[in-house]
Amino acid sequence: MATLSVPEPVPSPAEDAESIHAAVKGWGTDEKALINILAHRNATQRKEIELAYEELFNENLTKRLESELKGDFEKAVYRWNFEPIEREAVMAYIAMKKSFNFHVVIEIACVNSPNELLAVKQAYQAKYRHSLEEDVASHTAGDLHKAFSLPLQLLFALVSAYRYDGEDIDVRLAKSEAKVLQELIEENKLNHDEIIRILGTRSKAQIYATFNCYREEYGTPIEEVLAGESADEFALALRAAVACIVDPHLYFVEVLHAALEKSDEDTVTRIIVLHAEKDLGEIKEKFQKRKNVPLEYAVAKKTSGDYKAFLLALLGD
């Protein structure tokens, strides 16, 4: 359930382009006018506005906005202006090339359906002329190898997968692999190839079945068991992957809550922008239920200015 609200009737792309041009020309920028347009248009409409703007004013809209805006507001608008699949590819590239935030790539690999993940990888390759898998693998070289080789093994398996997307499961296999997981967790062998194989190859339905067998047989949900394990890089990556598979909306609630508490604007922006046209409504509902406060209130309390106004518009407030 998306939160994006689009007005009826919608102005034509040319009318929106002219309004945006009026908002950015001259000495000052009318940020409120930009938010009123850009935060209330879907991906197709934003693309049409961009094309109309370039035709009318002979300049690239994204570059103009980059030159006019600043700070977290500029980053949020820049990321929002991409089409959803391309946006995920851009976020993956930033995570791999600029900050090495493996959580971003885990989210993209584990939350998307097989076809959605394939589309993101195709967009990544078209935009950057090399594959996401190639860029993940490149981090195993040099100084990064020592620090990140273990989470990268898991990361590479996750981004390389094209899982079966149906609901059929093998109960005997689920019980067998639940036992494998229990033995490896008990022996503190979280980085074992078998754990990587199970998470990196099985369908989500099969993984759900395995986790259900684990809970029924050993008395505790696997995500709770892993929460008590070490805080090394592989354990963090493993917990993120399991959480994304088990309950992605709850995962994003916890990540958002932590990011707001730490004033981590990049993470707040990423989640709200990536999900506004997808399932932000479900994340909002679960945030309210788990934290006893509306997500809009939490965002408003921890952000300010045009950045806050833009995020709240995407949240439907």
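Residues numbered from 1 in each chain as written. Predicted model: local features only at pLDDT ≥ 70, side-chain atom pairs only at ≥ 80, totals over all residues. Heavy atoms only, no water.

The chain goes by Annexin in an unreviewed UniProt entry, where it is assigned to Zingiber officinale.

Caption draft 1: Focus on the overall build of the chain. Tallying secondary structure elements over the chain gives 20 helices and zero strands in all. Taking 20 Å as the expected radius of gyration for a compact globule of 317 residues, we find that the chain reaches 21 Å, a close match to that expectation. Principal-axis analysis of the C-alpha atoms places the extent of the chain at approximately 65 × 45 × 35 Å. Taken over 317 residues, the chain has a buried fraction of 47%. Carbon and sulfur atoms make up 49% of the accessible area of the chain, which amounts to about 15300 Å² in all. The averaged location of the 54 negative side-chain charges in the chain is 2 Å from the averaged location of its 38 positive side-chain charges. (Helix = DSSP H or I, 4+ residues; strand = E, 2+ residues; numbered from the N terminus. Rg over C-alpha atoms; globule rule 2.2 N^0.38 Å. Buried < 20%, exposed > 50% of the residue type's maximum accessible area, 1.4 Å probe, protein only. Areas by Shrake-Rupley, 256 points an atom, 1.4 Å probe, with all protein chains shown as cover. Lys, Arg positive; Asp, Glu negative; His and termini not counted. Charge placed at Lys NZ, Arg CZ, Asp CG, Glu CD.)

Caption draft 2: Structural context of the UniProt feature "binding site: Ca(2+) 3" (unreviewed entry) in the chain. The feature "binding site: Ca(2+) 3" (unreviewed entry), as annotated in UniProt, sits at Thr303 in this numbering. Within the fold, threonine 303 resides in the loop between helix H19 (295-302) and helix H20 (305-314). Residue contacts for threonine 303: discarding those within four places in its chain leaves Lys308 and Leu311. Side-chain polar atoms of threonine 303 contact the backbone oxygen of valine 299, separated by 2.6 Å. (UniProt positions renumbered as here; feature names shortened; annotations may be inferred. Contact = heavy atoms within 4.5 Å. Polar contact = N/O pair within 3.5 Å; in protein donor to acceptor, adjacent residues only side chain to side chain.)

Caption draft 3: Seen up close, the environment of lysine 47. Among the structural elements, lysine 47 can be located in helix H3 (residues 43-57). Of the residues examined, lysine 47 reaches a relative accessible area of 35% and is grouped as partly exposed. Note: C-alpha distance between lysine 47 and histidine 249 (202 residues apart in sequence) is 28 Å.

Caption draft 4: Representation of the packing of aromatic side chains. In total, this model carries eight aromatic pairs according to the counting rule given. For the ring pair tyrosine 78 and phenylalanine 82, a centre distance of 5.1 Å and an interplane angle of 85° mean the geometry is edge-to-face. Its relative accessible area of 11% is what places phenylalanine 82 among the buried residues. What links up through ring pairs into an aromatic cluster is the set Tyr93, Tyr124 and Tyr128. Stacked on the ring of tryptophan 80, the Lys or Arg arginine 46 has its end atom at 4.0 Å from the ring centre. (Phe/Tyr/Trp six-rings, centres within 6.5 Å; stacked < 30°, edge-to-face > 60°. Lys NZ or Arg CZ within 6 Å of the ring centre and 35° of its normal.)

Caption draft 5: Structural view of the pattern of salt bridges. Within the structure shown, the criterion is met by 20 salt bridges. Salt-bridge contacts for glutamate 187 lead to lysine 189; the nearest nitrogen and oxygen are separated by 3.3 Å. Residue classification places glutamate 187 among the partly exposed residues on the basis of a relative accessible area of 45%. Of the residues examined, lysine 189 reaches a relative accessible area of 39% and is grouped as partly exposed. A salt bridge links glutamate 254 to arginine 290; the shortest N-O distance between them is 3.9 Å. (Salt bridge = Lys/Arg side-chain N within 4 Å of Asp/Glu carboxyl O.)

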